[in-house]
Amino acid sequence: MFSLFKKKRNATLVLGGGSARGIAHIGVLKVLEKEKVPINRIVGTSMGALVGAAYSLGVSLQTMEDKARKFSMNRLLDPTMPKMGILAGDKLEAVIRELIDEKGFRDCRIPIAVVTTDIENGEEVVYQEGDLLRIVRASCSWPGVFNPVRIGNRLLCDGGIKNSVPTKIAKALGPNYIIAVDVGFCVKRGKIENILQMIMQSFQITGEELNKYQAQEADVVIKVEMPSIDQAAFDKAQEIVKKGVEAAESKIGEIKKDLTLGGFEFY
């Protein structure tokens, strides 16, 4: 009798950054969807923002996986005269548009919060309304690589600078059961020979340190192990999705147990 009045636990899914490694989010979502895990909110940064926005808008995981398999880094290359970035970012925006079209936050079937960073003052800026396309582009814009995005009086770039796995943001939005997906980073050992390698390596080192404590604030962490796959390995999309599936499957028992204790019934 008392179970009828038990307050059910809501689940917030936190999707971290990771560029190509972030394709693993698709694999994680495959498992959560198959097991009917109730996702009531998504909080995403960088690639996690893109995958999360597409999923919240109803784009199928199969469509996302198909696009990921056909994708290459060359599709992002639009060199510009370096002022704030070596790439203009217009091609990045075109790639994002292919997935989310011109849809906005109001079209999302699952509420989503997109995390960005104001590069002019170091503040984290979280959006739950506004121009979804431009905001996701900002969240995906690595500083120094892609031009930042001006939205209002903010100059915005990658949300992963401060929140590589934005569990803190998720906790601030409500007392939900938090599932964090940490796709990790790939710090390389070897010679650095150009500016792009320098920038990428700095992201890996910083991100690896951030993830060590940020992800652990969640109720459960799905840690995707990919020791030999770096942020630019879009050619390994199929393998990356598989790694995401394996990581989620290793945690699904714990997640379902926690949510069942919280009052959710699985059918």
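To keep things clear, this report deals only with the structure shown in the data block. (Residues numbered from 1 in each chain as written. Predicted model: local features only at pLDDT ≥ 70, side-chain atom pairs only at ≥ 80, totals over all residues. Heavy atoms only, no water.)

1. Side note on the environment of Q204
So, point 1. Mapped onto the secondary structure, Q204 falls in helix 7 (residues 195–214).
So, point 2. It is 9.1 Å that separates the C-alpha atoms of Q204 and G18, two residues lying 186 residues apart in sequence. (Helix = DSSP H or I, 4+ residues; strand = E, 2+ residues; numbered from the N terminus.)

2. Focus: the packing of aromatic side chains
So, point 1. Evaluated as defined, the whole model comprises 2 aromatic pairs.
So, point 2. Taken together, a centroid distance of 4.8 Å and an interplanar angle of 65 degrees make the contact between F71 and F234 edge-to-face. A residue pair is termed long-range when its members are at least 10 positions apart, and F71 in the loop between helix 3 (61–70) and strand 3 (85–87) and F234 in the loop between strand 10 (220–223) and helix 8 (237–261) qualify at 163 residues.
So, point 3. Its relative accessible area of 12% is what places F71 among the buried residues.
So, point 4. Relative to F146, the ring of W142 has its centre 5.8 Å away and its plane inclined at 55 degrees; by these criteria the two rings are tilted.
So, point 5. Exposure remark for W142: the relative accessible area of 9% places this residue in the buried category.
So, point 6. Residue F146 is classed as buried on the basis of its relative accessible area of 3%.
So, point 7. The cationic tip of R109 hangs over the ring face of Y55; the distance from NZ or CZ to the ring centre is 4.8 Å. (Phe/Tyr/Trp six-rings, centres within 6.5 Å; stacked < 30°, edge-to-face > 60°. Buried < 20%, exposed > 50% of the residue type's maximum accessible area, 1.4 Å probe, protein only. Lys NZ or Arg CZ within 6 Å of the ring centre and 35° of its normal.)

3. Focus: the nonpolar core
So, point 1. By size, the foremost hydrophobic cluster in this structure holds 74 residues, and its most contacted members are L13, I39, M64, I100, L132, I179 and I255.
So, point 2. Here this core gets 9 residues from one element, more than from any other, and that element is helix 8.
So, point 3. If we skip the residues at most four places from it in the chain, L13 touches L29, L32, I39, R41, I42, V43, I179 and V181.
So, point 4. Counting residues in each nonpolar core, the second largest holds 12 residues, with V165, I169, A170 and V221 among its members. (Core = buried A, V, L, I, M, F, W, Y, C linked by side-chain atoms within 4.5 Å. Contact = heavy atoms within 4.5 Å.)

4. Here's the deal with the environment of F146
So, point 1. With respect to the helices, strands and loops of the structure, F146 is situated in strand 6 (residues 144–146).
So, point 2. In this structure, the C-alpha to C-alpha distance between F146 and D78, residues 68 residues apart in sequence, is 9.3 Å.
So, point 3. Not counting the four nearest positions on each side in its chain, F146 is found in contact with L76, M84, G85, L87, G89, L92, C140 and S141.

5. Observations regarding helix 4 (residues 90–100)
So, point 1. If you check which residues of helix 4 are buried, you get L92, E93, V95, I96, L99 and I100. Buried residues of helix 4, seen end-on, are gathered within an arc of 160 degrees and therefore sit on one face of the element.
So, point 2. Contact partners of the buried residues in helix 4: helix 2 (47–56), helix 3, helix 5 (132–140) and strand 6.
So, point 3. One or two residues past the end of helix 4 sits D101, with phi positive at roughly 60 degrees. (Arc of directions from axis to C-beta.)

6. Brief notes about the pairing of strand 1 (residues 11–15)
When a strand is regular, its side chains alternate between the sheet's two faces.
So, point 1. Burial within strand 1 is extensive, with 5 of its 5 residues counted as buried.
So, point 2. Burial along strand 1 is two-sided: the face carrying A11, L13 and L15 and the face carrying T12 and V14 are both buried.
So, point 3. Sheet topology note: the strand 1/strand 2 (residues 39–45) ladder contains 5 bridges and is parallel. By the bridge assignment, L15 is partnered in strand 2 with G44.
So, point 4. Read as a crossover between parallel neighbours, the route from strand 1 over helix 1 (residues 24–34) to strand 2 is right-handed. (Pairing = 2+ DSSP bridges. Right-handed = clockwise from strand over helix to strand, strands pointing away.)

7. Quick look at unusual backbone geometry
So, point 1. Of note in this structure, S19 is not a glycine but carries a positive phi near 50 degrees.
So, point 2. Inspection of the secondary structure assignment puts S19 in the loop between strand 1 and helix 1.
So, point 3. Phi at S46 takes a positive value of approximately 55 degrees, unusual for a residue other than glycine.
So, point 4. By secondary structure assignment, the location of S46 is in the loop between strand 2 and helix 2.

8. Digging into the pattern of salt bridges
So, point 1. Applying the stated criterion to the full structure yields 16 salt bridges.
So, point 2. Between E35 and K256 there is a salt bridge whose closest N-O contact spans 3.0 Å. Placement of E35 in the loop between helix 1 and strand 2 and of K256 in helix 8 is noted, with a sequence separation of 221 residues between them.
So, point 3. Taking relative accessible area as the criterion, E35 reaches 24% and is therefore assigned partly exposed.
So, point 4. With relative accessibility at 24%, the residue K256 sits in the partly exposed group.
So, point 5. One network of salt bridges, with partners in common, ties together D90, E93, R97, E102, R134 and R137. (Salt bridge = Lys/Arg side-chain N within 4 Å of Asp/Glu carboxyl O.)

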